[in-house]
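Residues per chain are reported as follows:
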Amino acid sequence: GMAAVPAGRKKTRAKKSKIPPRDTLTEQQRKEIEEAFDILDTEGSGKIDQGDLHVALRALGFEPRKDEVKKLMSDNDKENTGTINKQQFVEIFRA
């Protein structure tokens, strides 16, 4: 009866995941990214600015140049608010 166990586990895992298949992030990576965002979002506004984004990328092990950060910002900041929200922040890493 032991052989049935992994199959059962697989099924619940597939059901639990609401992430679209194109998403290459593991649950762990996603958590780290969201935590980095939360740390920088000191006011709890749900948004971070370009400076915060740069710090976040460095904290996650990237070495972005200022112009790269600026491009990421404008690519994701569709309303030109000078900030991005958590969803947009996570999207950066799904490319």
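Cut-offs used in this document
Residues numbered from 1 in each chain as written. Predicted model: local features only at pLDDT ≥ 70, side-chain atom pairs only at ≥ 80, totals over all residues. Heavy atoms only, no water. Helix = DSSP H or I, 4+ residues; strand = E, 2+ residues; numbered from the N terminus. Contact = heavy atoms within 4.5 Å. Buried < 20%, exposed > 50% of the residue type's maximum accessible area, 1.4 Å probe, protein only. Polar contact = N/O pair within 3.5 Å; in protein donor to acceptor, adjacent residues only side chain to side chain. Salt bridge = Lys/Arg side-chain N within 4 Å of Asp/Glu carboxyl O. Core = buried A, V, L, I, M, F, W, Y, C linked by side-chain atoms within 4.5 Å. Arc of directions from axis to C-beta. pLDDT = per-residue confidence, 0-100.

**Let's talk about the overall build of the protein**
Piece 1. Helix and strand counts for the protein come out as five helices and two strands.
Piece 2. Taking the intrachain contacts of the protein between residues at least 6 apart in sequence as the baseline, contacts between residues at least 24 apart amount to 53%.

**Structural notes on the environment of serine 45**
Piece 1. Considering the arrangement of structural elements, one finds serine 45 in the loop between helix 2 (27-40) and strand 1 (47-49).
Piece 2. Classification of serine 45 by relative accessible area gives partly exposed; the value is 47%.
Piece 3. Spatially, the C-alpha atoms of serine 45 and asparagine 85 are 8.7 Å apart, while their sequence positions differ by 40 residues.
Piece 4. Polar contacts involving the side chain of serine 45 include one to the main-chain amide nitrogen of lysine 47, which spans 3.2 Å.

**Here's the deal with the pattern of salt bridges**
Piece 1. The full count for this structure, using the stated rule, is seven salt bridges.
Piece 2. The shortest N-O distance in the salt bridge between glutamate 91 and arginine 94 comes to 3.6 Å.
Piece 3. Residue glutamate 91 is classed as partly exposed on the basis of its relative accessible area of 26%.
Piece 4. It is possible to trace a salt-bridge network through shared partners that takes in Arg65, Asp67 and Glu68.

**Here we look at the environment of valine 90**
Piece 1. Following the sequence through the fold, valine 90 ends up in helix 5 (residues 86-92).
Piece 2. Residue class for valine 90 comes out buried when judged on its relative accessible area of 1%.
Piece 3. Remark: the alpha-carbon pair of valine 90 and leucine 25, spanning 65 residues in sequence, is separated by 9.3 Å.
Piece 4. With sequence-adjacent residues up to four places away left out, valine 90 is seen in contact with Leu25, Arg30, Ile33 and Glu34.

**What to know about the nonpolar core**
Piece 1. Ile33, Ile48, Leu53, Ile84, Phe89, Ile92 and Phe93 are the most contacted members of the largest nonpolar core, which has 15 residues in total.
Piece 2. When residues no more than four places from it in sequence are discounted, the contact partners of isoleucine 92 are Leu53, Leu72, Asn76 and Ile84.

**Some details on helix 3 (residues 50-59)**
Piece 1. When we look at burial in helix 3, the residues that qualify are Leu53, His54, Ala56 and Leu57. Projected down its long axis, helix 3 shows its buried positions confined to an angular sector of 165°, all on one face.
Piece 2. Where helix 3 is buried, its residues touch helix 2, strand 1, helix 4 (66-76), strand 2 (83-85) and helix 5.
Piece 3. The residue sitting at the N-terminus of helix 3 and contributing the capping side-chain oxygen is aspartate 49; that oxygen lies 3.2 Å from the backbone nitrogen of glycine 51.

**Quick look at the confidence of the model for the protein**
As a general rule, the predicted coordinates of low-pLDDT regions are not to be interpreted in detail.
Piece 1. For the protein, the average pLDDT comes to 82, and 75% of its residues sit at 70 or higher.
Piece 2. pLDDT under 50 marks residues 8-14. Its contacts with residues more than four places away, or in other chains, come to zero contacts.

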